Amino acid sequence: MTDPDSNVDPETATDLDDLELSDAEQAALHDLQLSLEHVHRAYGTLLEFHHQLGHAMDRLGDAEDSLREAGYEAWANDLRDDHLPAGAISDQWTFELVEEFSGEFLEDVDAFEREVRDELADGVDHVTERRQKRRLRERAADASRD
């Protein structure tokens, strides 16, 4: 357990009081970091969509084979020629959507958040949570001294 009397966060070796963040700056940084967490969750959802559709396409391939075996060449050919090679959205396959999201949005917004955090908080991540953790541990230590 950390020393509750120390203002230095052992995970960052930074004295959180030295950051000199105004309440408005801390709130802005916190909002930005929370928004980034939601962007990453959205990316995870996009990856899940990519994987689920990939499994569905595999099953469509199985359906093509089954239709062909059942004597339905025209339907099997429709699957092969029209549906299996088609893109999920605007002729893009899901891997292309994942790559575009990651390379054009996620990387940019991550870099922006890092730039703001470096300027406002010397690069320290989760300042609000670190300060809350320190306050709660200090409160617990004070209560145990009573």
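Residues numbered from 1 in each chain as written. Predicted model: local features only at pLDDT ≥ 70, side-chain atom pairs only at ≥ 80, totals over all residues. Heavy atoms only, no water.

1. What about a negative patch on the surface?
A cluster of like negative charges, contributed by Asp 18, Glu 20, Glu 115, Asp 118, Glu 119 and Asp 122, occupies part of the molecular surface. Residue placement: Asp 118 occurs in helix 3 (residues 94-121). (Patch = residues over 30% accessible without salt bridge, like charges linked within 9 Å, V, L, I, M, F, W, Y side chains within 5 Å. Areas by Shrake-Rupley, 256 points an atom, 1.4 Å probe, with all protein chains shown as cover. Salt bridge = Lys/Arg side-chain N within 4 Å of Asp/Glu carboxyl O. Lys, Arg positive; Asp, Glu negative; His and termini not counted. Charge placed at Lys NZ, Arg CZ, Asp CG, Glu CD. Helix = DSSP H or I, 4+ residues; strand = E, 2+ residues; numbered from the N terminus.)

2. A closer look at the pattern of salt bridges
Overall, the coordinates contain eight salt bridges when judged by the stated rule. Residue Asp 62 is joined to Arg 59 by a salt bridge in which the shortest nitrogen-to-oxygen separation is 3.8 Å. Of this pair, Asp 62 and Arg 59 both sit in helix 1 (residues 23-69), three residues apart, which is roughly one turn of the helix. Its relative accessible area of 42% is what places Asp 62 among the partly exposed residues. (Buried < 20%, exposed > 50% of the residue type's maximum accessible area, 1.4 Å probe, protein only.)

3. Focus: unusual backbone geometry
Phi is positive for Asp 91, which is not a glycine, with a value near 65°. Note that Asp 91 resides in the loop between helix 2 (73-83) and helix 3. Although it is not a glycine, Asp 122 adopts a positive phi angle of roughly 50°. Structurally, Asp 122 can be placed in the loop between helix 3 and helix 4 (127-145). Residue classification places Asp 122 among the exposed positions, given a relative accessible area of 59%.

4. Remarks on the packing of helix 1 against helix 3
Relative orientation of the contacting elements helix 1 and helix 3 amounts to 165°, with a least axis distance of 10 Å. As judged from the angle between their axes, helix 1 and helix 3 are roughly antiparallel. For the element pair helix 1 and helix 3, the recorded crossing hand is left-handed. For the contact of helix 1 with helix 3, the per-class residue count stands at 20 nonpolar, five polar and four charged. (Axes fitted to C-alpha atoms, helices over the stretch in contact; angles between N-to-C directions. Parallel < 35°, antiparallel > 145°, perpendicular 65-115°, else oblique. Left-handed = near helix turned anticlockwise from the far one by under 90°. Nonpolar A, V, L, I, M, F, W, Y, C, P; charged D, E, K, R; others polar.)

5. What about the nonpolar core?
In terms of nonpolar packing, the biggest core is built from eight residues, these being Leu 32, Leu 36, Val 39, Tyr 43, Leu 46, Val 98, Leu 106 and Val 109. Only helix 1 and helix 3 provide two or more residues apiece to this core. Not counting residues within four places of it along the chain, the set of residues in contact with Val 39 comprises Phe 101, Phe 105, Leu 106 and Val 109. In terms of nonpolar packing, the next biggest core, distinct from the first, is built from seven residues, Leu 21, Leu 29, Val 124 and Val 127 among them. (Core = buried A, V, L, I, M, F, W, Y, C linked by side-chain atoms within 4.5 Å. Contact = heavy atoms within 4.5 Å.)

6. Considerations on the packing of aromatic side chains
Applying the stated criterion across every chain yields a total of four aromatic pairs. Taken together, a centroid distance of 5.8 Å and an interplanar angle of 10° make the contact between Tyr 43 and Phe 101 stacked. Separated by 58 residues along the polypeptide, Tyr 43 in helix 1 and Phe 101 in helix 3 bring together distant segments of the chain. Of the residues examined, Tyr 43 reaches a relative accessible area of 18% and is grouped as buried. On the accessibility criterion, Phe 101 (23% relative accessible area) is partly exposed. A centroid spacing of 5.4 Å and a plane angle of 50° characterise the contact between Phe 101 and Phe 105, whose relative ring orientation is tilted. Taken together, the positions of Phe 101 and Phe 105, both in helix 3 and four residues apart, correspond to about one turn of that helix. (Phe/Tyr/Trp six-rings, centres within 6.5 Å; stacked < 30°, edge-to-face > 60°.)

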